[in-house]
Amino acid sequence: MSIRNRNIHSLTHAVFSYLEKSKDHSIGVRLALRRLSDMNLSLAQIIDTKPVGTRHQIILDEAINEIDHPSLDNIALKLKEAKEYLVWREDNNNYYDKGADLGEGYRKCNLHTVLIGPDACGYYNDDFILGFFMLGPWTLYRDHRHPAPELYLNLSNRSGWRLKSQDWHDHSAGSFVWNEANSLHAIRVYEKPFISIFIWLENIGHPCIVVPVNDWAKVEANLKNRSYASVRLKNLARNRPED
């Protein structure tokens, strides 16, 4: 078997192993494991696909290099080894109805790769998706819902989440977010890029639906202002004369 196939196999099983160790953390983890346990994830079953790179390589590398929670060491290592063999795609309304407005930040920098699914670079499945998802810094992934129940495993040290139109709460690396079918959710990304594992358990053929919330302009303006402030501080530090 090729190095590519071995790396994708190792990465998939690193995720599976983490989920097995975390089955008491979320009902979503247990439901995902139930689906995964019925699949043949052997090396021989890996699909032969050509790698596809991304224009967001620098941001992707930063996101992966920032995965430093000790419990995620093996996933981080296997992702670093496999990333050049994966198929990286941007969502240009592929998961949404035509005309859906996901906002400037999302359109500017989003990225995913699928290890298990109908268009996977690892294992084929027609009603299940497991992959990695990335967003650029200072992004609002606007409130949306979908019929597919969804589990996130956060790999980034800090990301903001709004679930069921409630208040924003930050989640840390190693935390799970479980979204039941058609449960509204949004993500807010800060100064570091966001990266996570995402799983759609079933009903994956139905589109996501953006649900307008009246504070989008305020949240996005705040993120943009903080982005400008961050750039100014970096420039000042870069130009400060040495003692």
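This text follows the structure it describes.
Model, not experiment: these values are computed from the prediction.

Caption draft 1: Fine view of the environment of S183. Here S183 is to be found in the loop between β8 (176-179) and β9 (185-188). A relative accessible area of 9% places S183 in the buried class. Spatially, the C-alpha atoms of S183 and E90 are 23 Å apart, while their sequence positions differ by 93 residues. Setting aside its immediate chain neighbours within four residues, S183 contacts H144, R145 and K164.

Caption draft 2: Expanded view of the pattern of salt bridges. Taken as a whole and judged by the stated rule, the model has 13 salt bridges. Among the ionic pairs, E104 bridges to K224, the shortest N-O distance being 3.6 Å. Within this pair, whereas E104 is found in helix α5 (residues 104-108), its partner K224 is found in helix α6 (residues 216-239), the two being separated by 120 residues in sequence.

Caption draft 3: Representation of the sheet that holds strand β5 (residues 150-154). One open sheet holds the 6 strands; their spatial order is β2-β1-β3-β10-β5-β8, and the pairing between them is mixed. Of all strands in the sheet, those with a lone pairing partner are β2 (123-124) and β8, marking the two edges. In terms of strand pairing, β5 meets strand β10 (residues 194-200) through 5 bridges, oriented antiparallel. Note on β10: the bridge partner recorded for L151 is I199.

Caption draft 4: Geometry of the packing of helix α1 (residues 3-21) against helix α2 (residues 27-37). The interhelical angle for the contact between α1 and α2, taken along N-to-C directions, is 135°, at an axis separation of 9 Å. Here α1 is positioned oblique relative to α2, judged by the angle of their axes. In terms of crossing hand, the pair formed by α1 and α2 is left-handed. Note on element contacts: α2 touches α1 through V29, L33, L36 and S37, opposite F16, L19 and E20. In the contact of α1 with α2, the residues fall into 5 nonpolar, 1 polar and 1 charged.

So, how was this worked out
Residues numbered from 1 in each chain as written. Predicted model: local features only at pLDDT ≥ 70, side-chain atom pairs only at ≥ 80, totals over all residues. Heavy atoms only, no water. Helix = DSSP H or I, 4+ residues; strand = E, 2+ residues; numbered from the N terminus. Buried < 20%, exposed > 50% of the residue type's maximum accessible area, 1.4 Å probe, protein only. Contact = heavy atoms within 4.5 Å. Salt bridge = Lys/Arg side-chain N within 4 Å of Asp/Glu carboxyl O. Pairing = 2+ DSSP bridges. Axes fitted to C-alpha atoms, helices over the stretch in contact; angles between N-to-C directions. Parallel < 35°, antiparallel > 145°, perpendicular 65-115°, else oblique. Left-handed = near helix turned anticlockwise from the far one by under 90°. Nonpolar A, V, L, I, M, F, W, Y, C, P; charged D, E, K, R; others polar.

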